[in-house]
Amino acid sequence: TWIVGYVGAIDALRHIEDLLKAVPLLCSQNDVGLVIVGSGEGLASCKEMARSLGIASRVVFTGKVPYQQVPAYMNVFDMAVDLSLIPMQVNGVAHYGSYSQKIPQYLSCGVPVIAWDTPDTMFLTQQGIGDLAQIGDLHSLADAIARQLSRCQSERTGIRHQARAYARSHYSIQVLAAERLRYWESELDSMVVSSK
């Protein structure tokens, strides 16, 4: 059985309903199960949706788990899905962002990630460590999941190694601390220049 997972809040911004609706579109993929780790205002409606879609036997809702147990769940996922989508207005134009703190955590566990196609998630396909779906398109989402499911064992192993390597090179505490320090130094420099 393939395990597709999600960890986090269950609310409107996370689009868990879209993930549930995509499962029946995975033609001939009856061996796919979902593990939804977390809680929130949408938990009851997601459980009801799983029942109404006829996939309740393929979905496990764990509810809230202690933070220390989150990596153990992530490590059993064959892939993770993060459909967080945040609308933003920039100069009067609507844009979407879907990057979330869970994506680096999934990658650190060697788990490829499926996300909506936005500028801040493009690196997943560019780096070969995930796949993207067109925003709101359930068939595109099902296709992205199916592409990951179709990979052979050696490809999956390679992607896991790539995901971990990417997380180490971009999200380790040393890398993040160095980036923060560079930011503070540039801000300090600009403050000094503007005060002259």
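Counting of residues starts from 1 at the beginning of each chain's written sequence and follows it residue by residue. Totals for whole chains, interfaces and linings use every residue, but because this is a predicted model, local features are given only for residues with pLDDT of at least 70 and side-chain atom pairs only at 80 or more, for both listing and counting. As a convention, hydrogens and water are excluded, and side-chain values are obtained from all of the structure's heavy atoms.

Draft legend 1. Structural context of unusual backbone geometry. Phi is positive for H15, which is not a glycine, with a value near 55°. Runs of E in the DSSP output that reach at least two residues are strands. Runs of H or I that reach at least four are helices, and both are numbered from the N terminus. By the element assignment, H15 lies in the loop between strand 1 (2-7) and helix 1 (16-22). A relative accessible area of 22% means that H15 is categorised as partly exposed. Notably, N91 is not glycine yet its phi reads approximately 50°, a positive angle. Only protein chains enter the accessibility calculation, which uses a 1.4 Å probe; a residue whose area is less than 20% of its type maximum is buried, one above 50% is exposed, and one in between is partly exposed.

Draft legend 2. Here's a closer look at a nonpolar patch on the surface. Every patch collects residues that have over 30% relative accessible area and no salt bridge, joining them within 9 Å if they carry like charges and within 5 Å if they are nonpolar side chains (Val, Leu, Ile, Met, Phe, Trp, Tyr). Note on areas: Shrake-Rupley, 1.4 Å probe, and residue coverage restricted to the protein chains presented here. Salt bridges are defined as contacts in which a side-chain nitrogen from Lys or Arg sits within 4 Å of a carboxyl oxygen from Asp or Glu. A cluster of nonpolar side chains, namely L13, I86, M88 and V90, defines an oily patch on the protein surface of about 310 Å² accessible area. As for its position among the elements, I86 is in strand 5 (residues 86-90). The exposure class of I86 is partly exposed, given its relative accessible area of 39%.

Draft legend 3. A look at helix 6 (residues 138-149). To estimate the expected span of a helix, count its residues, drop one, and scale the result by 1.5 Å. Look at helix 6: 16 Å from first C-alpha to last across 12 residues, which is about the 16 Å you get at 1.5 Å a residue. Turning to helix 6, its buried residues number three or more, namely S140, L141, A142, A144, I145, Q148 and L149. A 3.5 Å cut-off defines polar contacts: any pair of N or O atoms within that distance qualifies, except that in protein one atom must be a possible hydrogen donor and the other a possible acceptor, and neighbouring residues in sequence count only when both atoms are side-chain atoms. Looking at where helix 6 begins, the residue whose side-chain oxygen comes 3.0 Å from the main-chain nitrogen of H139 is D137.

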